[in-house]
Amino acid sequence: MAGKAYVVTSGKGGVGKTTITANLGCGLALRDKRVVLIDADTGLRNLDVVMGLENRIVYDLVHVVEGSCRLNQALIKDKRMKNLNLLPTAQIREKSSITPAQMEAVVNQLKEEFDYILVDCPAGIEEGFKNAIAGVDEALIVTNPEVSSVRDADRIIGLLEAAGIEEPKLIINRVRADMVKRGDMLGMDDILDVLAIDPIGIIPDDENIIVSTNRGEPIVLSGKGKCAQAFMNVVRRMEGEEVPFMNLDHPGFMDMIKRIVGIGQ
Amino acid sequence: MLEFLTRFFTKNSGSKDVAKKRLQLVLIQDRGGLSLEVIEQIKVDLIAAISKYVEIDDEALDVELEDSTECLTLMANIPIKGTRTSR
């Protein structure tokens, strides 16, 4: 059976695309799926460091499309999980080193060998974006609960539609339950109201993400914490399971007590 | 009143409501429906059309978009100074 290719995109930079790509890739591999992650951010690659694989790069995507190596030579096999691979891109090159047609050919070739291909898209809507969506079947749009990234997500939804990629799914990242609770952060319902697309994940803001990125070990590998659980929930939904969304604005026990005695937050 | 009570009990500072409203309006423009230039053009055309019949105060003229939960509304507030009897 041919694999499925997803692009992880957002429009705005810094919302968590790379971290999400790394964690979903690890999560799928934990479930014994054959996975390859493609870094499409030529010139500003980072998926390698987030995965902790930066010292193992010999060949990259640009070498592959230029024909200086075979596709298999550029794939880095993650030693932590046998089914997980990274296809890095070039750091000292430009986005124009690759064309959408070349990218599509690479993605199609990988589909024959892998169950899931996740493409980490660069920020922006120019060449890099056009390359990253070439040949993919589905899109995961990442947004943070704030106006600028939601606005950019809306733009991306339009561009994906124009490119024939229907029904992208939304991942809301860096949600702070305390702020949503007191009405100072857009909640899931608010964002879905505005964007009118289906959600596939809601990820809490968690300082452990920084710790795990420092170490180059995606947080799902630890299997601990709400964040890891939220990523695994996305993985299960990608696999077609019905998983209820985490209620991040559910008041805690102390909040209930405070509300009852009327001292608020 | 109900809103006041809810606000009182939940202690919402509610900046997310502002965010949501601003997003909804900016997305209307982004989605290519009505840009600020188009609204400006509507304003100019409105003045031209209505001025044929009545004298209006184009300084005080106010045209803006409002997005309620139901639908998008173009609100125009056009003060009439007098009628043009000579036409």
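Above this note sits the structure.
Reading the values: the criteria
- Residues numbered from 1 in each chain as written.
- Chains lettered and ligands numbered in written order.
- Predicted model: local features only at pLDDT ≥ 70, side-chain atom pairs only at ≥ 80, totals over all residues.
- Heavy atoms only, no water.
- Helix = DSSP H or I, 4+ residues; strand = E, 2+ residues; numbered from the N terminus.
- Contact = heavy atoms within 4.5 Å.
- Buried < 20%, exposed > 50% of the residue type's maximum accessible area, 1.4 Å probe, protein only.
- Pairing = 2+ DSSP bridges.
- Expected span 1.5 Å × (residues − 1).
- Arc of directions from axis to C-beta.

**Digging into the environment of Ile-200 of chain A**
Residue and element names in this part refer to chain A.
And then number 1: Note on placement: Ile-200 falls in strand S8 (residues 198–204).
And then number 2: Each C-alpha atom of the pair Ile-200 and Asn-233 lies 8.5 Å from the other, and the pair is 33 residues apart in sequence.
And then number 3: Not counting residues up to four positions away in its chain, the partners in contact with Ile-200 are Leu-140, Lys-169, Leu-170, Ile-171, Val-234, Arg-237, Met-238 and Phe-245.

**Quick look at unusual backbone geometry**
Residues and elements named next belong to chain A.
And then number 1: Of note in the backbone geometry, Asp-32 takes a positive phi value of approximately 65° without being a glycine.
And then number 2: Counting through the fold element by element, Asp-32 comes out in the loop between helix H1 (17–30) and strand S2 (35–39).
And then number 3: With relative accessibility at 58%, the residue Asp-32 sits in the exposed group.
And then number 4: Although it is not a glycine, Ala-196 sits at a positive phi angle of roughly 55°.
And then number 5: Here Ala-196 shows up in the loop between helix H9 (188–195) and S8.
And then number 6: By relative accessible area, which is 64% here, Ala-196 ends up exposed.

**Remarks on the pairing of strand S5 (residues 116–120) of chain A**
The side chains of a regular strand alternate, first on one face of the sheet and then on the other.
Residue and element names in this part refer to chain A.
And then number 1: Counting buried residues in S5 gives five out of five residues, a clear majority hidden from the surface.
And then number 2: Burial along S5 is two-sided: the face carrying Tyr-116, Leu-118 and Asp-120 and the face carrying Ile-117 and Val-119 are both buried.
And then number 3: Bridging between strand S1 (residues 4–9) and S5 involves five bridges; their strand directions are parallel. Following the sheet pairing, Val-8 is matched in S5 by Asp-120.
And then number 4: With five bridges joining them, S2 and S5 adopt parallel strand pairing. Residue pairing across strands places Leu-37 opposite Leu-118, the latter belonging to S5.

**What to know about helix H2 (residues 15–30) of chain B**
Residue and element names in this part refer to chain B.
And then number 1: If you check H2, its first and last C-alpha atoms are 22 Å apart, about what 16 residues at 1.5 Å a residue would give, namely 22 Å.
And then number 2: Every buried residue of H2 is accounted for by Ala-19, Lys-20, Leu-23, Leu-27 and Ile-28. With its buried residues spanning 165° around the axis, H2 presents them on a single face.
And then number 3: Downstream of H2 by a residue or two, Gly-32 has a phi angle that is positive, lying close to 85°.

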